Amino acid sequence: MTASVPAKPQPQARSAYRVFRTIGTRWMDNDIYGHVNNVVYYSWFDTAVNGWLIEQGALDIHAGEVIGLVIETQCNYFAPLAFPQDVHAGLRVAHLGRSSVRYEVGLFAADGELCAAAGHFIHVYVDRATRRPVPLPERLKQTLETALCP
């Protein structure tokens, strides 16, 4: 029996993403090796997704009855990013479930055509008080549909 080897991840073009946000790097983002440390990329994923949802009026982080909890995350790195670059975070929705969403994010140097890193995370939307999964609120679902990949 031969096990199949998954294809090596490849950087994708800007055209693969539906929504973009610019994120400025900070001096403290660089590590001793002169590039942004890997843990910062996960922060950018959160910033890209939640910033967009808040701006669209689809998520109220302070008083909303529904919140998104991350249950899975992953990132592939293709090229370094470093302070003082601006980063363009491309976002798309790869899967829209009853109470969950798979976001995919590509991180680009401001002048880059191919992403320097790409990853995903999955939110399960839950009741703020009980932390039990709930159906996506209609406004959130409508917003997510605008970034849904074909």
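Just so you know, these numbers come straight off a predicted model, no measurement behind them. (Residues numbered from 1 in each chain as written. Predicted model: local features only at pLDDT ≥ 70, side-chain atom pairs only at ≥ 80, totals over all residues. Heavy atoms only, no water.)

A. Main features of the sheet that holds strand β2 (residues 66-77). Read across the sheet, five strands follow the order β1-β3-β4-β5-β2 without closing on themselves; strand pairing throughout is antiparallel. Of all strands in the sheet, those with a lone pairing partner are β1 (19-24) and β2, marking the two edges. Each adjacent strand pair in this sheet contributes to an overall mean axis angle of 25°, direction not counted. Note that strand β3 (residues 86-96) and strand β4 (residues 100-109) share nine bridges and pair antiparallel. Residue pairing across strands places G90 opposite G106, the latter belonging to β4. (Pairing = 2+ DSSP bridges. Helix = DSSP H or I, 4+ residues; strand = E, 2+ residues; numbered from the N terminus. Axes fitted to C-alpha atoms, helices over the stretch in contact; angles between N-to-C directions.)

B. Fine view of the side chain of R14. Tracing the chain through its elements places R14 in the segment before β1. Engagement of the side chain of R14 in a polar contact is seen with the backbone oxygen of A110, the distance being 3.1 Å. Setting aside residues no more than four positions away along its own chain, R14 makes contact with F20, H88, F108, A109, A110, D111, G112 and E113. (Polar contact = N/O pair within 3.5 Å; in protein donor to acceptor, adjacent residues only side chain to side chain. Contact = heavy atoms within 4.5 Å.)

C. Structural detail: the pairing of β4. Burial within β4 is extensive, with eight of its ten residues counted as buried. The antiparallel pairing of β3 with β4 creates a hairpin that spans three residues between the two strands. Of the strand pairs in this sheet, β4 and strand β5 (residues 117-127) are connected by eight bridges, and their pairing is antiparallel. Looking across to β5, one finds that G106 is bridged to A118. (Buried < 20%, exposed > 50% of the residue type's maximum accessible area, 1.4 Å probe, protein only.)

Shape descriptors only; they carry no functional weight alone.
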